[in-house]
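The primary structure of each chain is shown beneath.
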Amino acid sequence: MFSTFSKSAIHLKDELNKIMPNEPFDEEEVREMLFDAVFTQIDDDTLDLVFDGNNQQLLEQGKLSEADILLLLEQKIPTFHTSMEHLVGEIIKEYKSP
């Protein structure tokens, strides 16, 4: 459904703003929410495989941007996009619940 993280974030923002039109979310807020949520869906062993060696050092030093991190996740986790779609659906469902 979504080919990139950015498209997923925009879709999520649009859907959340339909649910809560009086308290609209901005894109940066939703990107941060989705970015943080992505890591709750990835187990520690997989993260160790994604962020190994030099990537681990760069991550620890804060030298990897959001785009760098997302690229590594997309490259090294074959199910990343499917997981992200599921996560977007779960967040929307959570906000729809009373």
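Before any of the text, the structure's been laid out above.
In this text the structure is predicted, and so the values were computed from the model without any measurement.

Here is what the cut-offs are and how they apply
- Residues numbered from 1 in each chain as written.
- Predicted model: local features only at pLDDT ≥ 70, side-chain atom pairs only at ≥ 80, totals over all residues.
- Heavy atoms only, no water.
- Salt bridge = Lys/Arg side-chain N within 4 Å of Asp/Glu carboxyl O.
- Buried < 20%, exposed > 50% of the residue type's maximum accessible area, 1.4 Å probe, protein only.
- Helix = DSSP H or I, 4+ residues; strand = E, 2+ residues; numbered from the N terminus.
- Arc of directions from axis to C-beta.
- Axes fitted to C-alpha atoms, helices over the stretch in contact; angles between N-to-C directions.
- Parallel < 35°, antiparallel > 145°, perpendicular 65-115°, else oblique.
- Left-handed = near helix turned anticlockwise from the far one by under 90°.
- Contact = heavy atoms within 4.5 Å.
- Nonpolar A, V, L, I, M, F, W, Y, C, P; charged D, E, K, R; others polar.
- Core = buried A, V, L, I, M, F, W, Y, C linked by side-chain atoms within 4.5 Å.

A. Spotlight on the pattern of salt bridges. The final tally for this structure, using the stated rule, is four salt bridges. Two residues, K13 and D14, come together in a salt bridge whose shortest N-O distance is 3.6 Å. With a relative accessible area of 36%, D14 lands in the partly exposed category.

B. Main features of helix α5 (residues 66-76). Turning to α5, its buried residues are I69, L70, L72 and L73. On an axial view of α5, the arc spanned by its buried residues comes to 160°, and they lie on one face. Those residues of α5 that are exposed and angled more than 90 degrees off the buried face are A67 and Q75.

C. Broad picture of the packing of helix α2 (residues 27-40) against α5. As a packed pair, α2 and α5 sit with axes 12 Å apart at the nearest point and diverge in direction by 40°. Considering their axes alone, α2 and α5 lie oblique with respect to each other. Relative to α5, the crossing made by α2 is left-handed. When α2 is examined against α5, the residues R31, F35, V38 and F39 are found in contact with a partner set consisting of E66, I69, L70 and L73. For the contact of α2 with α5, a count of residues per class yields six nonpolar, no polar and two charged.

D. Seen up close, the nonpolar core. L12, L34, F51 and L73 are the most contacted members of the largest nonpolar core, which has 26 residues in total. Here this core takes six residues from helix α6 (residues 80-96), the largest share from any one element.

E. Fine view of the environment of H86. When you line up the elements, H86 lands in helix α6. Judged by its relative accessible area of 46%, H86 is partly exposed. As for H86 and N17, which are separated by 69 residues in sequence, their C-alpha atoms are 19 Å apart.

F. How the structure looks around the packing of helix α1 (residues 5-19) against α2. Where α1 contacts α2, the axes come no closer than 9 Å and their chain directions differ by 115°. Of the two possible hands of crossing, α1 and α2 adopt the one that is right-handed. Along the contact surface, α1 presents F5, S6, S8, A9, I10, L12, K13 and L16, while α2 presents E27, V30, R31, M33, L34, F35 and V38. Tallied by class, residues from the contact of α1 with α2 come to 10 nonpolar, two polar and three charged.

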